[in-house]
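Inside the fold
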Amino acid sequence: MRPALLLITHDACGGGGNPGPAAAAIELIHAASLIHDDMIDRSDKRRGEFSFHRKYGFEMSLLVADFILSLVLGIASGYKDSRVGRILSRASKLMSIGEMREVQVIERGERISLDQYLEILKFKTAVLFEAATSLGAVIAGRPDLSEDLGLYGLYLGMAYQIRDDLMDWGSPGELTSLLGEGGLRDLLEGMAINLAEEAMEKLEVLEDSPQKALLRDLALYSINREE
Ligand code: FPP
Ligand code: MG
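Given the structure is predicted, the values throughout are model-derived calculations rather than measurements.

A word on the site of ligand 1
- As a matter of local geometry, ligand 1 sits amid 15 residues, with Asp37, Asp41, Arg46, Glu99 and Lys124 nearest to it.
- Asp37 is positioned such that a nitrogen or oxygen atom in its side chain is 2.9 Å from an oxygen atom of ligand 1.
- Within the side chain of Asp41, an N or O atom sits 2.9 Å from an oxygen atom of ligand 1.
- Alone, ligand 1 offers 630 Å² of accessible surface; in the complex the protein occludes 87% of this.
- Those elements that provide at least two residues to the shell around ligand 1 are α2 (19-40), α4 (82-108), α5 (114-139) and α6 (146-167).
- Broken down by class, the residue content of the shell around ligand 1 amounts to three nonpolar, six polar and six charged.

See the structure below:
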């Protein structure tokens with residue numbers, strides 16, 4: 001989904017440049033992060049199969065994620081526009097900070113506020129969506145649109161992660177179990193809808209096109225409200 005977002009946003013901005021390697025870099029960062037996340041969460045399964053560490057062991061999982069990040073550095077250095085490397089580096093940095101904060105609060109087992117929860121999911125998940133869509137604009141030669149389209153990705157990513165957490169609601173060890181309060185589930189449902197709507201508003205900077213319509217549909221899909 002993340003590289004597709006980059007490519008569709010890139011098309012919606014008029015195309016041009018070379019978006020393929022950047023789209024691959026986004027997917028590679030995502031893959032490395034899932035390998036590590038499954039180690040941290042002690043998850044045995046990923047996408048219906050055994051997780052990487054269950055298949056290849058902890059040592060190989062650490063090393064292959066290091067290797068993947070070296071590929072990302074190579075891809076970033078192939079772009080003349082230094083914004084590409086900066087955007088990829090910012091996303092990886094914030095994802096790491098988000099995951100570190102999640103580990104810390106889960107280890108402490110204390111209640112967390114809604115703001116803490118939202119910041120963690122923004123960092124660990126949504127910033128990579130933001131990187132994908134803002135890179136789409138930058139590589140298409142429309143850096144003037146990268147902030148708005150980055151925010152489209154950010155809000156979409158937050159809506160997506162809230163939906164993902166709502167599906168795991170009540171499972172032990174989940175971040176949401178530290179939120180407490182009973183009414184929060186409804187509040188989060190409402191937030192995901194608002195975020196998807198805010199994401200769609202950010203698309204107003206784009207001229208109408210089939211790609212713009214697709215980006216809008218993706219925001220609707222993220223909250224299961226297809227039209
Ligand atoms: C899945 O969350 C995990 C993430 C969205 C990000 C994980 C980030 C890191 C491990 C740090 C950054 C790493 C790199 C390589 C830059 P989840 O556990 O809520 O979702 P799940 O149910 O799919 O496991
Ligand atoms: Mg996990």
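Description of helix α7 (residues 184-202)
- When the terminal C-alpha atoms of α7 are compared, their 27 Å separation across 19 residues agrees well with the 27 Å that a helix rising 1.5 Å per residue should span.
- For α7, the full list of buried residues reads Leu184, Leu188, Ala192, Leu195, Ala196, Ala199 and Met200. The buried residues of α7 all sit within an arc of 165° when viewed along its axis, so they share a single face.
- Residues of α7 that are buried make contact with α5, α6 and α8 (210-222).

A few points about the pattern of salt bridges
- Counted according to the given criterion, the structure contains 13 salt bridges.
- Residue Lys124 pairs with Glu102 through a salt bridge whose shortest N-O separation is 2.8 Å. Of this pair, Lys124 sits in helix α5 while Glu102 sits in helix α4, placing them 22 residues apart in sequence.
- A salt bridge links Glu189 to Arg163; its shortest N-O distance comes to 3.0 Å. One end of the pair, Glu189, is in helix α7; the other, Arg163, is in helix α6, with 26 residues separating them in the sequence.
- Judged by relative accessible area, which is 25%, Glu189 ranks as partly exposed.
- Through salt bridges that share partners, Asp37, Asp38 and Arg46 make up one connected network.

Conventions and cut-offs
Residues numbered from 1 in each chain as written. Chains lettered and ligands numbered in written order. Predicted model: local features only at pLDDT ≥ 70, side-chain atom pairs only at ≥ 80, totals over all residues. Heavy atoms only, no water. Near = heavy atom within 4 Å. Polar contact = N/O pair within 3.5 Å; in protein donor to acceptor, adjacent residues only side chain to side chain. Areas by Shrake-Rupley, 256 points an atom, 1.4 Å probe, with all protein chains shown as cover. Helix = DSSP H or I, 4+ residues; strand = E, 2+ residues; numbered from the N terminus. Nonpolar A, V, L, I, M, F, W, Y, C, P; charged D, E, K, R; others polar. Expected span 1.5 Å × (residues − 1). Buried < 20%, exposed > 50% of the residue type's maximum accessible area, 1.4 Å probe, protein only. Arc of directions from axis to C-beta. Contact = heavy atoms within 4.5 Å. Salt bridge = Lys/Arg side-chain N within 4 Å of Asp/Glu carboxyl O.

This is a description of form; function is not addressed.
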